[in-house]
Amino acid sequence: MSPAIASRFFSRITRPVLNQRVNKTRWCVLRWPSPSMAQSAGMSTESLRKTSTSMFALWTTAKMARAMVPLERRMRRTDRVQIKGPGTDLSFSIKGIGAKMCKGEP
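The present account deals with the structure reproduced in this document. (Residues numbered from 1 in each chain as written. Predicted model: local features only at pLDDT ≥ 70, side-chain atom pairs only at ≥ 80, totals over all residues. Heavy atoms only, no water.)

## Describing the overall build of the protein
At step 1: Counting secondary structure elements, the protein contains four helices and two strands.
At step 2: The helix and strand sequence of the protein, counted from the amino end, reads α-α-α-α-β-β.
At step 3: The C-alpha atoms of the protein give a radius of gyration of 18 Å, which is well past the 13 Å a tight globule of 106 residues would have.
At step 4: Structurally, the protein occupies a C-alpha span of about 50 × 35 × 25 Å along its principal axes.
At step 5: Split into buried and exposed, the 106 residues of the protein put 10% on the buried side.
At step 6: Excluding contacts between residues fewer than 6 apart, the proportion of contacts in the protein whose partners are at least 24 apart in sequence is 33%.
At step 7: Here the protein displays about 9,100 Å² of accessible surface, and carbon together with sulfur accounts for 60% of that area.
At step 8: Looking at the protein, you have 20 positive and 5 negative side-chain charges, and the mean spots of the two groups are 5 Å apart. (Helix = DSSP H or I, 4+ residues; strand = E, 2+ residues; numbered from the N terminus. Rg over C-alpha atoms; globule rule 2.2 N^0.38 Å. Buried < 20%, exposed > 50% of the residue type's maximum accessible area, 1.4 Å probe, protein only. Contact = heavy atoms within 4.5 Å. Areas by Shrake-Rupley, 256 points an atom, 1.4 Å probe, with all protein chains shown as cover. Lys, Arg positive; Asp, Glu negative; His and termini not counted. Charge placed at Lys NZ, Arg CZ, Asp CG, Glu CD.)

What follows is the structure, given as C-alpha cells:
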C-alpha cells in the first residue's frame, strides 16, 4: 500500500473519533513550563515559569480569539504546509482536515 493510500485510509478510519473528540468534548492543551523546556530555552525553570506566566497574562481570551481569525481562515483554504529549519524540511497536506479556533470557550 502506498503512503498516500495508507494516509487516506488512516484518516477515513480515525475521522469519527477525531470529530467526537474535537466537537463533542471540552478540552484544553496546555504546555506548562518544565525543567526540560527551561533547559532547551537556556533559562532556569523559575525564570521560564515567570516569563510564561507574564506572557499568558498579556492575552485576554477576546484578544487571542481576534488574533486567531486570520490563521483559521488561512488553514481552511490551505492544502500544503511546509515547515523548514536547520535539519528539517517537513511537508504535508491539511486539506479537508478543517480548522477550529481553540479560544477557551465551550
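Moving on from the model shown.
## Describing the environment of I94
At step 1: Of note, I94 is situated in the segment after strand 2 (88–93).
At step 2: A relative accessible area of 13% places I94 in the buried class.
At step 3: Sequence separation between I94 and R77 is 17 residues; the distance between their C-alpha atoms is 9.3 Å.
At step 4: If we skip the residues at most four places from it in the chain, I94 touches M75, T78, D79 and V81.

## Some remarks on the pairing of strand 2
At step 1: Alignment of strand 1 (residues 80–85) against strand 2, held across six bridges, turns out to be antiparallel. The residue bridging V81 from the neighbouring strand is F92, located in strand 2.
At step 2: Joining the antiparallel neighbours strand 1 and strand 2 is a turn of two residues, in which G87 adopts a positive phi near 75°. (Pairing = 2+ DSSP bridges.)

## A word on helix 4 (residues 61–77)
The α-helix advances 3.6 residues per turn, and as a result positions three or four apart in sequence lie on the same side.
At step 1: Its 17 residues place the ends of helix 4 24 Å apart at the C-alpha level, agreeing with the 24 Å of an ideal helix rising 1.5 Å per residue.
At step 2: M68 marks where helix 4 bends most, by close to 35°; the proline P70 follows one to four residues later. (Expected span 1.5 Å × (residues − 1). Bend = angle between axes of the 7 residues up to and from the residue.)

## Regarding the layout of surface pockets
At step 1: Roughly 380 Å³ of internal volume is contained in the second largest pocket.
At step 2: Lining the second largest pocket we find 14 residues, and of these S7, S11, S93, K95 and I97 sit closest to its centre.
At step 3: Where the lining of the second largest pocket is concerned, the elements lending two or more residues are helix 1 (3–24) and strand 2.
At step 4: Tallying contributions element by element places helix 1 first for the lining of the second largest pocket, with eight residues.
At step 5: Of the residues assigned to the lining of the second largest pocket, the class counts are six nonpolar, five polar and three charged. (1 Å grid on protein atoms, 1.4 Å probe; cavity = no way out; pocket = protein on both sides within 12 Å on 5 of 7 lines; lining within 4 Å. Points joined across faces, edges and corners; volume = space filled by probe spheres on them. Nonpolar A, V, L, I, M, F, W, Y, C, P; charged D, E, K, R; others polar.)

## A short note on helix 1
At step 1: Under the 1.5 Å per step criterion, the end-to-end length of helix 1 is 30 Å for 22 residues, consistent within 8% with the ideal 32 Å.
At step 2: Along helix 1, the largest kink reaches about 45° and is centred on T14; proline P16 follows within four residues of it.

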